[in-house]
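Letter by letter, the chains look like this.
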Protein chains: 6
Amino acid sequence: MSTRMPAESFTMMTEIVLPNDTNVFGNLMGGRLMYWMDIAAAIAAQRHSNAPVVTASVDNISFENPIKLGNTVHIEAKVSRAFNTSMEVHLKVWGEDFTLQYKYKSNEAYYTFVALDPNRRPRQVPQIDPQTEEEKKTFEGALRRRQVRLILGGKMKPDDALELKALFVKD
Amino acid sequence: MSTRMPAESFTMMTEIVLPNDTNVFGNLMGGRLMYWMDIAAAIAAQRHSNAPVVTASVDNISFENPIKLGNTVHIEAKVSRAFNTSMEVHLKVWGEDFTLQYKYKSNEAYYTFVALDPNRRPRQVPQIDPQTEEEKKTFEGALRRRQVRLILGGKMKPDDALELKALFVKD
Amino acid sequence: MSTRMPAESFTMMTEIVLPNDTNVFGNLMGGRLMYWMDIAAAIAAQRHSNAPVVTASVDNISFENPIKLGNTVHIEAKVSRAFNTSMEVHLKVWGEDFTLQYKYKSNEAYYTFVALDPNRRPRQVPQIDPQTEEEKKTFEGALRRRQVRLILGGKMKPDDALELKALFVKD
Amino acid sequence: MSTRMPAESFTMMTEIVLPNDTNVFGNLMGGRLMYWMDIAAAIAAQRHSNAPVVTASVDNISFENPIKLGNTVHIEAKVSRAFNTSMEVHLKVWGEDFTLQYKYKSNEAYYTFVALDPNRRPRQVPQIDPQTEEEKKTFEGALRRRQVRLILGGKMKPDDALELKALFVKD
Amino acid sequence: MSTRMPAESFTMMTEIVLPNDTNVFGNLMGGRLMYWMDIAAAIAAQRHSNAPVVTASVDNISFENPIKLGNTVHIEAKVSRAFNTSMEVHLKVWGEDFTLQYKYKSNEAYYTFVALDPNRRPRQVPQIDPQTEEEKKTFEGALRRRQVRLILGGKMKPDDALELKALFVKD
Amino acid sequence: MSTRMPAESFTMMTEIVLPNDTNVFGNLMGGRLMYWMDIAAAIAAQRHSNAPVVTASVDNISFENPIKLGNTVHIEAKVSRAFNTSMEVHLKVWGEDFTLQYKYKSNEAYYTFVALDPNRRPRQVPQIDPQTEEEKKTFEGALRRRQVRLILGGKMKPDDALELKALFVKD
């Protein structure tokens, strides 16, 4: 199965924050944003795998700047690393106020998807061949993030998470 | 400022999975579920703090079993620990098929909220006094999860994350 | 077919009033609330009958206090009485403003559902065994409410509605 | 304040049943229909009173025939009687399958609205002058329906509901 | 195949402008209005053809007056001319502010639909027999509008568009 | 006021076709697509003008290939020409089926927007400086399309539409 470059799955989604997307402060609700991010990431994962996909997990997301009613939301997604049947998608989210000509970062996140065959069983996906410096760094970090997911999901013991352990134990 | 028990913020949300909530396999999309969880968790955080709240972060979520079209989604949320102006909310999600009399776990998650005053500045919230064994364990684990959030958000160095480090370095 | 207690079908739904749910006064529209109540009641009826259900009728609903934008809506539903293939579900609805720590009643209502078999024909449902004083009173009143439904639906003559007639004619 | 004819508030709403409006049998959910009816009835009440209105109550609704996915929903609404500050709106609902050239009744209902002034206090509305035989009959029945509402809302004693009592006690 | 009159497909849709339908000025967004117009026009085309239909094209739409939040939208649609398997639907849209007793035109438009048989192939539709002066004028203009559509769609050369050419070349 | 290049307003929107977006054939409804196109085009116009905008008109749209449930919709928008206070936005729409690795054109369209100042009056916008061959051709065609809009809107006589007339009268 051939490899693919992250850029081949690059997906851009653009939305306007409408009244029903906001909380009492007139800012985009976190849950609505995570819904849009899920769709953008799923499109990137489908583009990479040429298969239908389902969301397997979402990594820690931290919301930095609120996005205001009427502002524009930009979501960029591309597959950062593929494992056997799963893909990690890297997302970047910005808000933009065109009137004030002000663009600001909202958050960065990782969603993981599994590709399925017509019988709904996991199927193999192409591997990733990172090109840019940022893509290579994200590709390498994917192992460590995967260990966090497996430990948090109770499927790996901390002692076996070598990449992660190296963050804490330098010898 | 007085303390409160987790049970005082207990919130239960129940929904039916409708066609627009599903992917091509007829299963609830991860993004839609995270949207509902955000609303349930926000209600629990408002109930604890008696203040409007905004989502600050969402911890790693792993989706275990798909929830089918027409099935019922149960979301339970309660505040697990409060810090100065922020609250960690513990969520449990089940799917249920009444016809088959089959109830199954979907996921467990932690959302963090900040309480705001009328000028949109963070304001102090009551502390948590855990009662049950599970609440006490969740309360203690909150420090470790907070260190993960701070490290992943670039606001803490791994070496300073003592509770977390203890998972990897036993001496 | 065994009997069940009302508590076994108890369902709690919690929602936040968002902008699109409100009229020009910023209050929850009656139609949106009846939509949520229909879903909460359908879940209770499915839980009681372990079968898919369809709404057969809705009794008189009176909206007492408006629920404001940003406030929380609590809907509690449980089956109050079962007939041959239909179930009456008792609903209670409150609004809550956490900031003002103010909880207020919105309305109380009865929805009736019919359980269907896979061929979409009505199927038998378990009977109700009321436990608390309130459940027993609601159980008894169900006969009278059923007569109102049948008279209003043109399926019963006022003279045959004995429980209802007793309200007006004391001898 | 002048009187108006029911026809002056006549409102017709037409919708297509989309997937998200349906239950597992592919039929329009009762709650979604009541939501549409609320909007159609509110338009009729605003047209009659030239004022913003809020839903005060909904009378017993019985759903006769299911409306299928892809079929068309017709809702007709007109004010049937006005009281001091409130208006009773009479609704008729049909489903229609154009391919089969089959039109069928779904239900008939009464919604009651209160007109508000800019300070959100009830304000007087024009009275109704019924024209057709059906309008006159509906106009007269409104007193009886109002007594049902007041009794069910706990605001009137059965003995004082003279029009209603006459249904049961003929002397 | 028999002919039908435009009035036989007459469809009226009425909606209230809710917060999520509006832009930052509190006016109905053009896209939301075109969505409602598409549904109203599809119902008229189904009513004329007694067959399921799909949107083939939409003619130039010019939005004259903004429709405000809380105002009512009236959409009237009827088939203006039928070709072999396609139908042109004529739409008129008004806004109305009941409190100010002010009704204003928003736009007038033409949508074209194709009727399909169960195998999703175009199928013949009844022809139109216009009755009123306005219907006759609209019926005649349909040829010219069809030529605009075909030229703009690259399916006809300007020289072959005789009715259209006559607008520019008078000899 | 400085000029800007079309590429500076380039906007890409990506969506998945969900069940509620489809007609009975499981294809994206034209009205839903025009709604998304309106939002994508509005973002491009805001990006060009750094001002809030409202939809003034939509040119003839012809839907070529249906986009299926579960497929991805790509919408690309950029300002093709600016007049005094209005902007014409050029849109291209594709559908894509990742599983079949099949990408197909849906339609091409022109939406026109007016930029508003804080008092909701039209305000001047920067002019367009087209770069590529396609942009130059689109820029030139804009005059002709504007004449079509003005004639259809009754604001220009066919004889004064010189660019348009030249299509029909060659001397």
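On a predicted model such as this, the values are computed, not experimentally measured, just so you know. (Residues numbered from 1 in each chain as written. Chains lettered and ligands numbered in written order. Predicted model: local features only at pLDDT ≥ 70, side-chain atom pairs only at ≥ 80, totals over all residues. Heavy atoms only, no water.)

Points about the overall build of chain A
Consideration 1: Helix and strand counts for chain A come out as three helices and six strands.
Consideration 2: Going residue by residue from the N terminus, the α and β elements of chain A occur as β-α-β-β-β-β-β-α-α.
Consideration 3: C-alpha atoms of chain A, sized along the principal axes, occupy 50 × 45 × 30 Å.
Consideration 4: With 171 residues in all, chain A has 61% of them scored as buried.
Consideration 5: In chain A, the share of contacts with a sequence separation of at least 24, taken over all contacts with a separation of at least 6, comes to 69%.
Consideration 6: Accessible area of chain A: about 7,200 Å², with a carbon and sulfur share of 51%.
Consideration 7: When the 22 positive and 21 negative side-chain charges of chain A are each reduced to one mean point, those points stand 4 Å apart. (Helix = DSSP H or I, 4+ residues; strand = E, 2+ residues; numbered from the N terminus. Buried < 20%, exposed > 50% of the residue type's maximum accessible area, 1.4 Å probe, protein only. Contact = heavy atoms within 4.5 Å. Areas by Shrake-Rupley, 256 points an atom, 1.4 Å probe, with all protein chains shown as cover. Lys, Arg positive; Asp, Glu negative; His and termini not counted. Charge placed at Lys NZ, Arg CZ, Asp CG, Glu CD.)

Side note on the relation of the copies chain D and chain E
Consideration 1: The transformation that overlays chain D on chain E combines an axial shift of 0.0 Å with a rotation of 180°, and the residual RMSD is 0.0 Å. Such values leave the two copies arranged in the relation of a two-fold axis. Within chain D, Met 13 of chain D has its C-alpha nearest the rotation axis, a separation of 2.4 Å.
Consideration 2: A symmetric contact is evident, with 100% of the interface residues of chain D recurring at the interface of chain E. (Least-squares fit on C-alpha atoms with pLDDT ≥ 70 in both.)

Things to note about the relation of the copies chain D and chain C
Consideration 1: When chain D is brought onto chain C, the operation consists of a screw motion whose angular component is 180° and whose axial shift is 0.0 Å, with 0.0 Å RMSD remaining.
Consideration 2: When you check the interface residues of chain D against chain C, 100% turn up at the interface there too, and the contact is symmetric in its surfaces.

Topic: the environment of Glu 15 of chain B
Consideration 1: In this structure, Glu 15 of chain B sits in strand 1 (residues 11-16).
Consideration 2: Not counting residues up to four positions away in its chain, the partners in contact with Glu 15 of chain B are Trp 36, Asn 71, Thr 72 and Val 73 of chain B together with Met 13, Glu 15 and Ile 43 of chain C.

Things to note about the interface of chain D and chain C
Interfaces are often described in size by the accessible area the parts lose on coming together.
Consideration 1: At the junction of the two partners, chain D supplies 39 residues and chain C supplies 40 residues.
Consideration 2: Summed over both sides, the interface of chain D with chain C buries roughly 3,300 Å², with 63% coming from carbon and sulfur.
Consideration 3: It is Phe 25, Asn 60 and Phe 168 of chain D in chain D that bury the most area against chain C; as a group they hold 24% of the surface buried on that side.
Consideration 4: Applying the counting criterion to the chain D and chain C interface returns zero salt bridges.
Consideration 5: At the level of elements, helix 1 (30-49), strand 2 (53-58), strand 3 (61-62), helix 2 (133-152) and helix 3 (162-168) of chain D are the ones that each hand at least two residues to the side of chain D that touches chain C.
Consideration 6: At six residues, helix 1 of chain D tops the list of elements feeding residues into the side of chain D that touches chain C.
Consideration 7: Among the residues forming the side of chain D that touches chain C, the class breakdown is 21 nonpolar, eight polar and ten charged.
Consideration 8: Pairing of strand 3 (residues 61-62) of chain C with strand 2 of chain D involves two bridges; the strand directions are antiparallel. For Ser 62 of chain C, the partnering residue across the bridge sits in strand 2 of chain D and is Ser 57 of chain D. (Buried area = accessible area lost by both parts, 1.4 Å probe. Salt bridge = Lys/Arg side-chain N within 4 Å of Asp/Glu carboxyl O. Nonpolar A, V, L, I, M, F, W, Y, C, P; charged D, E, K, R; others polar. Pairing = 2+ DSSP bridges.)

Examining helix 2 (residues 133-152) of chain C
Consideration 1: With 20 residues, helix 2 of chain C extends 29 Å from end C-alpha to end C-alpha; this agrees with the ideal 28 Å at 1.5 Å per step.
Consideration 2: The principal kink in helix 2 of chain C, of about 30°, is found at Ala 142 of chain C.
Consideration 3: Taken together, the buried positions of helix 2 of chain C are occupied by Glu 135, Thr 138, Phe 139, Gly 141, Ala 142, Arg 145, Gln 147, Val 148, Arg 149 and Ile 151 of chain C.
Consideration 4: Its buried side turned inward, helix 2 of chain C meets strand 2 (53-58), strand 4 (72-82), strand 5 (86-97), strand 6 (102-115) and helix 3 (162-168) of chain C together with helix 3 of chain D.
Consideration 5: Two residues or fewer past helix 2 of chain C, Gly 154 of chain C is found with a positive phi of approximately 75°. (Expected span 1.5 Å × (residues − 1). Bend = angle between axes of the 7 residues up to and from the residue.)

Side note on the sheet that holds strand 6 (residues 102-115) of chain D
Consideration 1: In space, the six strands of this open sheet follow the order 3(C)-2(D)-6(D)-5(D)-4(D)-1(D), with antiparallel pairing throughout. Both outer strands of the open sheet, strand 3 of chain C together with strand 1 (11-16) of chain D, are each paired with one neighbouring strand and no more.
Consideration 2: The pairing of strand 4 (residues 72-82) of chain D with strand 5 (residues 86-97) of chain D spans ten bridges and is antiparallel. Counterpart to Ala 77 of chain D in the pairing with strand 5 of chain D is Leu 91 of chain D.
Consideration 3: Docked against the sheet, helix 1 of chain D engages strand 1, strand 2, strand 4, strand 5 and strand 6 of chain D, running at close to 40° with respect to strand 4 of chain D. (Axes fitted to C-alpha atoms, helices over the stretch in contact; angles between N-to-C directions.)

Description of helix 1 (residues 30-49) of chain E
Residues and elements named next belong to chain E.
Consideration 1: Between its first and last C-alpha atoms helix 1 spans 28 Å; for 20 residues at 1.5 Å apiece the expected length is 28 Å, and the two agree.
Consideration 2: Burial runs high along helix 1: 20 of the 20 residues are buried.
Consideration 3: Directly after helix 1, the chain includes Asn 50, whose backbone phi takes a positive value near 50°.

Some details on the pairing of strand 1 (residues 11-16) of chain E
Residues and elements named next belong to chain E.
Consideration 1: Taking burial as the measure, the six residues of strand 1 include five buried ones, the bulk of the element.
Consideration 2: Relative to strand 4 (residues 72-82), strand 1 runs antiparallel, the two sharing six bridges. In the sheet register, Thr 14 faces strand 4, and the bridge partner there is His 74.

Details of the packing of aromatic side chains
Consideration 1: The tally for this structure, following the rule as stated, stands at twelve aromatic pairs over all chains.
Consideration 2: With centroids separated by 6.5 Å and ring planes inclined at 15°, the aromatic side chains of Tyr 111 of chain A and Phe 113 of chain A adopt a geometry described as stacked. Per residue, the accessibility class of Tyr 111 of chain A equals that of Phe 113 of chain A, and both read buried.
Consideration 3: Between the NZ or CZ atom of Arg 81 of chain B and the centre of the ring of Phe 139 of chain B, over which it lies, the distance is 3.9 Å.
Consideration 4: The lysine or arginine in question, Arg 146 of chain D, covers the ring of Phe 83 of chain D, its NZ or CZ lying 4.3 Å from the ring centre. (Phe/Tyr/Trp six-rings, centres within 6.5 Å; stacked < 30°, edge-to-face > 60°. Lys NZ or Arg CZ within 6 Å of the ring centre and 35° of its normal.)

Description of the pairing of strand 5 (residues 86-97) of chain F
Residue and element names in this part refer to chain F.
Consideration 1: Buried residues dominate strand 5, accounting for ten of its twelve residues.
Consideration 2: Hairpin geometry of strand 4 (residues 72-82) and strand 5 is characterised by an intervening segment of three residues between the two adjacent antiparallel strands.
Consideration 3: Bridge count for strand 5 against strand 6 (residues 102-115) is twelve bridges, and the pairing is antiparallel. Note that in strand 6 the partner of Gly 95 across the bridge is Tyr 104.
Consideration 4: Hairpin geometry of strand 5 and strand 6 is characterised by an intervening segment of four residues between the two adjacent antiparallel strands and by a positive phi of about 50° at Gln 101.

Digging into the interface of chain D and chain E
Consideration 1: Contact residues are listed per partner, giving 22 residues for chain D and 22 residues for chain E.
Consideration 2: Summed over the three residues of chain D that lose the most area to chain E, namely Thr 14, Asn 50 and Phe 98 of chain D, the buried surface amounts to 29% of that side.
Consideration 3: Remark: the boundary between chain D and chain E carries two salt bridges.
Consideration 4: We note a salt bridge from Glu 96 of chain D to Arg 47 of chain E, for which the minimum N-O separation is 3.9 Å.
Consideration 5: Of all the secondary structure elements, the ones that give two or more residues to the side of chain D that touches chain E are strand 1, helix 1 and strand 4 of chain D.

So, the packing of helix 1 of chain E against helix 1 (residues 30-49) of chain F
Consideration 1: Taken N-terminus to C-terminus, the directions of helix 1 of chain E and helix 1 of chain F make an angle of 175°; their axes are 8 Å apart at the nearest point. It follows that helix 1 of chain E is roughly antiparallel to helix 1 of chain F by the angle criterion. On helix 1 of chain F, the residues that touch Gly 30, Gly 31, Arg 32, Met 34, Tyr 35 and Asp 38 of chain E of helix 1 of chain E are Gly 30, Gly 31, Arg 32, Met 34, Tyr 35 and Asp 38 of chain F.
Consideration 2: Residues that form the contact of helix 1 of chain E with helix 1 of chain F fall into these classes: four nonpolar, four polar and four charged. (Parallel < 35°, antiparallel > 145°, perpendicular 65-115°, else oblique.)

Let's talk about the pattern of salt bridges
Side chains that carry opposite charge are capable of pairing whenever their charged atoms lie near each other.
Consideration 1: Scanning the entire structure with this criterion turns up 60 salt bridges over all chains.
Consideration 2: Residues joined by salt bridges that share partners form a network here, namely Asp 59, Glu 88, Arg 145 and Arg 149 of chain A.

Some details on the side chain of Asp 97 of chain A
Residues and elements named next belong to chain A.
Consideration 1: Within the secondary structure, Asp 97 is located in strand 5 (residues 86-97).
Consideration 2: Buried and unpaired, Asp 97 has no salt bridge, with Lys 68 as the nearest side chain of opposite charge at 8.1 Å.
Consideration 3: Among the polar contacts made by the side chain of Asp 97, one reaches the main-chain amide nitrogen of Leu 100 at a distance of 3.0 Å.
Consideration 4: Ignoring sequence-local partners within four residues, the contact set of Asp 97 consists of Asn 71, Tyr 102 and Tyr 104. (Polar contact = N/O pair within 3.5 Å; in protein donor to acceptor, adjacent residues only side chain to side chain.)

Considerations on the confidence of the model for chain A
All names here are of chain A.
Consideration 1: Considering every residue of chain A, the mean pLDDT works out to 93; 98% of them sit at 70 or more.
Consideration 2: Taken element by element, chain A is modelled with least confidence in helix 3 (residues 162-168), mean pLDDT 79, and with most confidence in strand 4 (residues 72-82), mean pLDDT 98.
Consideration 3: Reported confidences for the modelled complex are a pTM of 0.94 and an ipTM of 0.92. (pLDDT = per-residue confidence, 0-100.)

Description of unusual backbone geometry
All names here are of chain D.
Consideration 1: With phi around 50°, Gln 101 is a residue other than glycine that occupies positive phi space.
Consideration 2: In this fold, Gln 101 is placed in the loop between strand 5 and strand 6.
Consideration 3: For Arg 120, which is not glycine, the phi dihedral falls at a positive 65°.
Consideration 4: Here Arg 120 shows up in the loop between strand 6 and helix 2.

Looking at the side chain of Asn 107 of chain A
Residue and element names in this part refer to chain A.
Consideration 1: Considering the arrangement of structural elements, one finds Asn 107 in strand 6 (residues 102-115).
Consideration 2: A relative accessible area of 0% places Asn 107 in the buried class.
Consideration 3: At 3.3 Å, the side chain of Asn 107 and the side chain of Ser 106 are in polar contact.
Consideration 4: Leave out the neighbours within four places in its chain, and Asn 107 touches Leu 33, Met 37, Ile 61, Ser 62, Phe 63, Glu 64, Leu 91, Lys 92 and Val 93.

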